[in-house]
Structures are given as C-alpha cells and as structure tokens.
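# Chains, contacts and geometry: an overview
As a plain string of letters, each chain reads:
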Amino acid sequence: MKAGVPQGSRAGARISVEPTGEDARSRSAHSQKKEKKPVTIRLDVDVIDYFKAEADRTGIPYQNLINLYLQDCVDTGKTLCFA
C-alpha cells in the first residue's frame, strides 16, 4: 500500500477533491444540505492523518472529506474487494 493513501483506497477508488476558497465553501455548503446523522466510528490513525492533511491542503474539514469520499463510493456503486 502506498504511503499516505487510506486503506479504503485498495478497492481502486479515486476521488479528486481540489476546490479551495469559494469553491470549497460552496461544496461544503452543498454537502450540508443533506440530513446528517452523527455516528461514532473508530478509524486507523493513518487514515485520520491522511484526511487531516487533505483538509489542510484543501480548506475542507476532514470530516467533510471523509463524507465526500464515502458519498462518491455510494454514487458510483463501488463494491468492496477483499483479497
């Protein structure tokens, strides 16, 4: 597995999250229009570190980035592959 790539990416999923500034705010605002349900989830430290670094780079909160990634999996009908 590549360094800095979350384990979930093994399924071949790639998402490009590049918006900054006004684009980032509008994308975050769009994702906030859907009903949200608070959950507690345990994630590996390297996964959190990856998304926090992406949050610093993009200006999008890391929780939103995780949600965007998972929403992309839902939208594209991604299935998990276990070797």
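Up top is the structure these notes are about.
A few points on the structure. As the structure is a prediction and not an experimental result, all values here were calculated from the model.

This model, assessed by the stated rule, comprises one salt bridge. Here Glu-54 and Arg-57 are joined by a salt bridge, their closest N and O atoms 2.7 Å apart. Of this pair, Glu-54 and Arg-57 are both found in helix H2 (residues 45-58), three residues apart, which corresponds to roughly one turn of the helix.

A cluster of nonpolar side chains, Val-39, Ile-41 and Leu-43, forms an exposed patch at the surface whose accessible area comes to about 300 Å². Structurally, the position occupied by Leu-43 is in the loop between helix H1 (21-31) and H2.

The next thing to look at is the nonpolar core. Ranked by size, the top nonpolar core spans nine residues in total: Val-47, Phe-51, Ala-55, Ile-60, Leu-65, Ile-66, Leu-68, Tyr-69 and Cys-73. If you tally residues by element for this core, the top one is helix H3 (residues 62-76), at five residues.

What follows deals with H2. Over its 14 residues, H2 extends 20 Å from the first C-alpha to the last, a length consistent with the 20 Å expected when each residue adds 1.5 Å. By the burial criterion, the buried members of H2 are Val-47, Phe-51, Glu-54, Ala-55 and Thr-58. For H2, the angular spread of the buried residues around the axis is 105°, confining them to a single face. The outward face of H2, more than 90 degrees from its buried face, is lined by the exposed residues Val-45 and Asp-56. The first or second residue beyond H2 is Gly-59, which carries a positive phi of 80°.

With that settled, consider the packing of H2 against H3. Where H2 contacts H3, the two axes come as close as 8 Å, and the packing angle between them is 105°. The angle between the axes of H2 and H3 places the two elements in the roughly perpendicular class. Contacts from Ile-48, Phe-51, Lys-52, Glu-54, Ala-55 and Thr-58 in H2 reach Tyr-62, Leu-65, Ile-66 and Tyr-69 in H3. Split by residue class, the contact of H2 with H3 holds seven nonpolar, one polar and two charged.

This next bit is on the packing of aromatic side chains. For the structure on display, the rule yields two aromatic pairs. Ring plane angle 65° and centroid distance 6.4 Å describe the contact between Phe-51 and Tyr-69, whose orientation is recorded as edge-to-face. You can see Phe-51 sitting in helix H2 and its partner Tyr-69 sitting in helix H3, a full 18 residues away along the chain. Accessibility assignment for this pair places Phe-51 and Tyr-69 in one class, buried. In textbook terms, an aromatic cluster arises when at least three aromatic residues are bridged by ring pairs, as seen for Tyr-50, Phe-51 and Tyr-69. Lying across the ring of Tyr-62, Lys-52 places its NZ or CZ 5.1 Å from the centre.

Reading guide: rules and limits
Note that residues are indexed from 1 along each chain, following the sequence as it is written. This being a predicted model, a pLDDT of at least 70 is required before a residue's local features are given, and a value of 80 or more before pairs of side-chain atoms are given or counted; all residues contribute to the totals for chains, interfaces and linings. Just so you know, side-chain values use all the structure's heavy atoms and leave hydrogens and water out. Whenever a carboxyl oxygen of Asp or Glu lies within 4 Å of a side-chain nitrogen of Lys or Arg, that contact is scored as a salt bridge. Elements are defined by DSSP. Helices are runs of H or I of four residues or more, strands are runs of E of two residues or more, and each kind is numbered from the N terminus. Nonpolar side chains (Val, Leu, Ile, Met, Phe, Trp, Tyr) within 5 Å and like charges within 9 Å form the patches, drawn only from residues with over 30% relative accessible area and no salt bridge. All accessible-area figures derive from a Shrake-Rupley calculation using a 1.4 Å probe, and residue coverage is judged against the displayed protein chains alone. Throughout this description, the term nonpolar core refers to a set of buried Ala, Val, Leu, Ile, Met, Phe, Trp, Tyr and Cys residues connected via side-chain atoms within 4.5 Å. Only protein chains enter the area calculation, which uses a 1.4 Å probe; residues under 20% of their type maximum are buried, those over 50% are exposed, and those in between are partly exposed. Under the convention used throughout, the expected extent of a helix is 1.5 Å for every residue step, that is, one less than its residue count. Within this analysis, the arc is defined by the directions that extend from the helix axis to the C-beta atoms. Whenever a helix is involved, its axis is fitted only over the stretch in contact; in every case the axis is a line through C-alpha atoms, and angles between N-to-C directions fall within 0 to 180 degrees. Working rule for angles: under 35 degrees goes down as roughly parallel, over 145 as roughly antiparallel, 65 to 115 as roughly perpendicular, anything else as oblique. Throughout, a residue-residue contact means that at least one pair of heavy atoms, one from each residue, lies within 4.5 Å. We call Asp, Glu, Lys and Arg charged. Ala, Val, Leu, Ile, Met, Phe, Trp, Tyr, Cys and Pro are nonpolar, and the rest, Gly among them, are polar. We call Phe, Tyr and Trp rings a pair once their centres come within 6.5 Å, taking the six-membered ring for Trp, and we label the pair stacked below 30 degrees between planes, edge-to-face above 60, and tilted otherwise. A ring has a charge above it when a Lys NZ or an Arg CZ is no more than 6 Å from the ring centre and no more than 35 degrees off the ring normal.

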